[in-house]
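Summary of the model geometry
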Amino acid sequence: MKRMRVCDCIILLLLIGGMMCPTSAQSVVTNLPVIIVTEHGYVAQWGSPGAGDGEFDDPQAIAADVKGYVYVVDAGNHRVQKFTSSGGFVATWGRQGTGDGEFGDMRGIAVDDNDSVYVVDAGNHRIQKFSSSGLFVETWGTRGSGPGQFQEPRDVAVDRSGNIYVVDSGNRRVQKFDPTGAYLMSWGTPGSNPEQFVSPRAIAIDSAGTVYVLDSGETRMKLFSSSGNYTSSVSVSATNDLPSFNPVDVVVDSKDRVYVVDEANNRVLIPDVSPGANNRYMGMWGGPGTTDGRFNGPTGIAVDRSRSIYVLDTGNSRIQRFDVVPPTPTRGSGVVMPSVVLIVAGVVLIAGYAGMRGKN
């Protein structure tokens, strides 16, 4: 009887421990890794067709600054619009033309850490720089193929040092400028070799200074050092689930996670950009439609410091915002702690009875 009472006590303690420790109850006893999956959930949207404040006509690009303000290239209305992170209208500037602060065919946009705004004025083959309130600062570039000249530039990005990188699409190259707009260097030529471009479309830079160039002509993302040295490439082409593909924009968040907008399939993709990864995705969301979380020909994407994602849903003339959903552990095969507790308790109970029977 004494042995049985000891067993009962052990069982009771094990069961109480399993019930009183929710952390243990969520753990997995396994030697397999626990994979943390980061997802984004729909939060808000704003915009409609038109020419008024907060309305859009063929919006083409989007960016967010360090304070969380969102800037949209409203190309059909030849202007930039600025909003709060929740969609509140703040300011607008620009009109059609060739003068300072005027635009031709508008394309990409970027904001540096000092809240200076850079706009790709593709129709006038130049980059224009503004303050965060829309005051014109400077411009550089003319039509041509020489250093500092452009042929239909498509996108712009700024690194942590304030250097500006421009996708000079017509010349199949990337050009780099210092914070004052002075030409530094360029790389790329027409072609399909690793360091060449077929149709460069978008550009982004991670925290380490790695430059990601989205070559939509090859449905491939090419990675370069900040000095233009080719390092690797990642295929972001069609899969069985994606019969067609048209990658049009790329952005990198503060955790160096890469997001790509697939206009053809109305989706946001999170490609695996590790060496050797091709057509491997860490996540995706979207689909065609007009409801929350669905898209109609999206053309741009931006991310703020809190990792909120803003998707330019061009065909629906709106912006959609998605926030990070708390990570969820995806478990491999293993035994959950409550099961372990019950198994151990059962073993102890059986051993107790076996001991009693042995005595008898």
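As the structure is a computational prediction, the values presented were derived from the model and not from experiment. (Residues numbered from 1 in each chain as written. Predicted model: local features only at pLDDT ≥ 70, side-chain atom pairs only at ≥ 80, totals over all residues. Heavy atoms only, no water.)

Across all of its chains, the model carries 20 aromatic pairs by this definition. Judged by centre distance (5.7 Å) and plane angle (50°), the ring pair of Trp46 and Phe83 falls under tilted. Here the residue Trp46 occupies a position in strand E2 (residues 35–46), and Phe83 occupies one in strand E5 (residues 79–83), the gap between them amounting to 37 residues. Summarising the burial analysis for this pair, Trp46 and Phe83 share the class buried. Aromatic pair Phe224 and Tyr230: ring centres 5.9 Å apart, planes at 70°, arrangement edge-to-face. For Tyr230, a relative accessible area of 30% gives the class partly exposed. Here a set of aromatic residues connected by ring pairs shows up, and it is made of Tyr42, Tyr259, Trp285, Phe295 and Phe322. For Lys82, the ring lying beneath its charged end belongs to Tyr69, and the centroid distance is 4.5 Å. (Phe/Tyr/Trp six-rings, centres within 6.5 Å; stacked < 30°, edge-to-face > 60°. Helix = DSSP H or I, 4+ residues; strand = E, 2+ residues; numbered from the N terminus. Buried < 20%, exposed > 50% of the residue type's maximum accessible area, 1.4 Å probe, protein only. Lys NZ or Arg CZ within 6 Å of the ring centre and 35° of its normal.)

Okay, the pairing of strand E9 (residues 106–111) next. Most of E9 sits out of view: five of its six residues are buried. Hairpin connection between E9 and strand E10 (residues 117–121): a loop of five residues separates the two successive antiparallel strands, and Asp115 in this loop has a positive phi of roughly 65°. (Pairing = 2+ DSSP bridges.)

This part covers the sheet that holds strand E20 (residues 230–235). Strand order in the open sheet made by the four strands is E17-E18-E19-E20, with antiparallel pairing throughout. Among the strands making up the open sheet, the edge pair consists of strand E17 (200–205) and E20. Pairs of neighbouring strands in the sheet enclose a mean axial angle of 20°, with direction left out of account. Relative to E20, strand E19 (residues 220–224) is paired through five bridges, and the arrangement is antiparallel. When the sheet's bridge partners are listed, Lys222 is paired in E20 with Ser233. (Axes fitted to C-alpha atoms, helices over the stretch in contact; angles between N-to-C directions.)

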